[in-house]
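Breakdown of the fold
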Amino acid sequence: MTAESVDQAVTADVAAWRAAVLRAVERGGRFAGLFGTDVRGDVRLTALVAAADIQPYDVMLPAAMTEYPALTPDLPAAAWYERELHDLFGVHPAGHPRLDPLVLPLQTGAVDRPRPGSPSPVSGLTPSDRTVPSLVVGAGVFTIPHGPVRSGVFESIEYLVETPGENVLHPQIRVHAKHRGLEKRFEGMTTDDAVLLAERVEGIASVAHALAFAHAVERVAGVEPPPAAAAIRVLLAELERVANHLDVALRLAEAAALAVAMSRLGWHKERVLRLQSRLSGSRFARGIVVPGGVSRLPGIAAADIRVALDRLEPAIAADERELMLTSSFLDRLRTTGVIGPSLAARHGALGPIGRASGVGEDARVTRPYDGYGILDQPTPPVLVEGDAMARLRVRWTEVHAAFTLARAAIDVLVSADEVLRRDVGRPDGRGIGWAEAPQGEVLYAVDLIDGVLTRCKPRSASFHNLVLFHDTFDTEILTDFPFIEASFGLSVAGVVL
Amino acid sequence: MPWVLRGLRNGVLTTRYPRRADAYEQEFAGAVGVSDAPSVPELTALCPSGAIGQTDLGRVSVDRGRCVLCGRCVAARPDVFSWVVGAETARLARGALVVPPLAEDDRAIEEVRGQLAERVRAFGRSVHIRHLDAGSDGAEEWEVAALVNPVYDVHRLGIFFTASPRHADVLLVTGAGAHGMIEPLTRTLEAMARPVVVIAAGTDAISGGLVSPSYATSGGICTLLPVGVPVDVYVSGSPPSPFSLLHAILLALGKMPDGRGPAAKQP
């Protein structure tokens, strides 16, 4: 074949790939991600569409071809994915409406890109603020930078708020400051080491990330975790959910300056983390989930866990009731930061944000894993109001469901045999794993050769959902900002790896 | 009104630490200890983050500044490695995080302690802390924020968190040292009055932990700091628990009660 005919063949491939992805979404699939992989200098693009399974759609872009027709014009949910792809690979999605740097702004003309998947090491890269646009245009409009060093104990992120003084017209979200280069870091790791790194991708959802990673490896190896391990996984994951949802309620109470509520919720959260540390030796339950199962039994007896849960739940419920009757608090949440059902559905909003806006998907129910398939699961709550209030109500319902699930998991655990781990060996191949983090669905796509990672792409719910933050400002003013941010309950570490 | 009564419902929840021992502080496995054994490659290979090394004499050592507390070495070789309970993991020198300790470390640490005491004298009885995230995984922020919950309530010790670097005496830095945070970190330090105390909070902040080496981080925050601003306190943990962070702050201020400082706890 001549060079020209190769080009034509590739162009046809890319067009077919693009059409296939759009068709899958039109037929009711949910767009769940897009990422690249360097394969000997070429770039393999993988789009993920969630239906009954998470289906990958691949196409190869040869090294000479640095441009492809962007998905974003037809699939707005791909906007951030294509910006990230551009940052990491230098691939240009032609027709993208706003291809500003997202995770790694480099000097104009920079040739070195991390290109995850390529075996060659990347030397130090330093993000440059100067390539991120900061100009705003409009009568009387100016910007207020919130961050990257925030007022309080927050992760580093910058919201450049465009405002004429009171209303928020548009928040520019700049996440790049704490980019850690984790995707490259995974490469060359064994699965046992990589699961520890997965726990540190989004530290407040350590269990969910470890689970999604372990599931991906287990799928490649064709191994199921033993029942006792599955039960322990559910127990830890549900406690993690309780701690995260309490943290959201705590931050909302903080935004409303409810000092006593803050103290009470902070105390409950501390109790959950202490229970987690008694079970696992780590306040974030790290080091327990391993590919093939879990590394050890809970550190305290089943009866003691039950006692702890029975004490915690009513204590939390009492403060929840009081909080949800405090009108000065609720007034700040109602109709604040609305995400309409049509936007949520079009974007495929994940987790509590989706469930508060009519998108009911929950990976524990739609694609059950570990113990969730056999446990009697409460129906996930689905509301349609889409405001900060609805998001909080969804979280409270999930807190109670988490206690129910945790108790059911203990019942399974006491009757299961003592096998905690099955051998995953040194698997070869590609796999996609998922788990429902407190923030929503987490995905891991892994490529393994002889049990060693050549590519690992974590896709957190935080990354997928944060872009919706742009759309929550309608008549909202500056003082609504902390409420909307807290109601999202996301972690920046999971957004910019 | 209901909230006022609710605030009284459970009495005092606050720990008496550091004046009195705290049961949870002492049940928490905050570090890995090592017994005397020859260093062999099998032992070194156990560690995913390169924390297991060897001393000058060829004995096995553990660098707690690199340890992410995964427990793999303790599970595989309980004859050599063990959990050390207690959350007092902060040290005044990077070298003091390595066990077994070197003999000459003690004198060097005394010197550091003296210099630090000189500096913190200016703070008086209250101290304001500015937190800064330089590439954390997010869990560190939870643990730092926990210090103001009623269980730890650091306000009782005259410790406050402040939004403005202009009001801050102590800079508490978390995270693996993301390059994108170099400029914000420099600007924050420039805005702070002198003297200033810097705490590297967590294994990631000390060495990068599992995140390093990577193209976007510097293997901890030490090399991110401007010339002339050293790290004063190193606190290990992945993430460090609130008690560890509190220990670090009190150690920096010279407020650990006698006999319960790091010297007494060295294994």
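Residues numbered from 1 in each chain as written. Chains lettered and ligands numbered in written order. Predicted model: local features only at pLDDT ≥ 70, side-chain atom pairs only at ≥ 80, totals over all residues. Heavy atoms only, no water.

Another point: the overall build of chain B. Across its full length, chain B holds 10 helices and 11 strands. Taken along its principal axes, the extent of the C-alpha atoms in chain B is 65 × 45 × 35 Å. When the 267 residues of chain B are sorted by exposure, 57% land in the buried category. Carbon and sulfur atoms make up 56% of the accessible area of chain B, which amounts to about 10600 Å² in all. (Helix = DSSP H or I, 4+ residues; strand = E, 2+ residues; numbered from the N terminus. Buried < 20%, exposed > 50% of the residue type's maximum accessible area, 1.4 Å probe, protein only. Areas by Shrake-Rupley, 256 points an atom, 1.4 Å probe, with all protein chains shown as cover.)

What follows deals with the confidence of the model for chain B. Residues and elements named next belong to chain B. Per-chain confidence: chain B averages 90 in pLDDT, with 95% of residues scoring 70 or above. Contacts of residues 259–267 to residues separated by more than four positions or lying in other chains number 22 contacts, the stretch itself having pLDDT below 50. Reported confidence for the predicted complex is 0.94 by ipTM and 0.95 by pTM. (pLDDT = per-residue confidence, 0-100. Contact = heavy atoms within 4.5 Å.)

Time to look at a nonpolar patch on the surface. All names here are of chain B. On the surface, Val4, Leu5 and Leu8 cluster together into a nonpolar patch covering about 310 Å² of accessible area. With respect to the element layout, Val4 can be found in helix H1 (residues 2–8). A relative accessible area of 47% places Val4 in the partly exposed class. (Patch = residues over 30% accessible without salt bridge, like charges linked within 9 Å, V, L, I, M, F, W, Y side chains within 5 Å. Salt bridge = Lys/Arg side-chain N within 4 Å of Asp/Glu carboxyl O.)

Contact with chain B, which involves 55 residues of that partner, is made by 62 residues of chain A. It is Trp3, Trp142 and Tyr215 of chain B in chain B that bury the most area against chain A; as a group they hold 22% of the surface buried on that side. Our count for the chain B to chain A interface comes out at 7 salt bridges. In this structure, the salt-bridge partner of Glu143 of chain B is Arg283 of chain A, at a minimum N-O distance of 2.6 Å. Along the contact surface separating chain B from chain A lie 32 residue pairs in polar contact (both at pLDDT 80 or more). Elements with a minimum of two residues in the side of chain B that touches chain A: H1, helix H2 (23–27), strand E7 (127–133), helix H6 (139–146), helix H7 (182–191) and helix H9 (242–253) of chain B. By residue number, the principal contributor to the side of chain B that touches chain A is H6 of chain B, which donates 7 residues. Looking at the side of chain B that touches chain A, its residues break down into 30 nonpolar, 15 polar and 10 charged. (Buried area = accessible area lost by both parts, 1.4 Å probe. Polar contact = N/O pair within 3.5 Å; in protein donor to acceptor, adjacent residues only side chain to side chain. Nonpolar A, V, L, I, M, F, W, Y, C, P; charged D, E, K, R; others polar.)

Glancing now at the nonpolar core. Residue and element names in this part refer to chain A. Counting 107 residues, the largest nonpolar core has Phe186, Phe213, Trp396 and Tyr444 as the members making the most contacts within it. Per-element accounting of this core gives the leading share, 17 residues, to helix H6 (residues 227–255). Counting 57 residues, the second largest nonpolar core, distinct from the first, contains Leu61, Leu104, Ala349 and Phe481. (Core = buried A, V, L, I, M, F, W, Y, C linked by side-chain atoms within 4.5 Å.)

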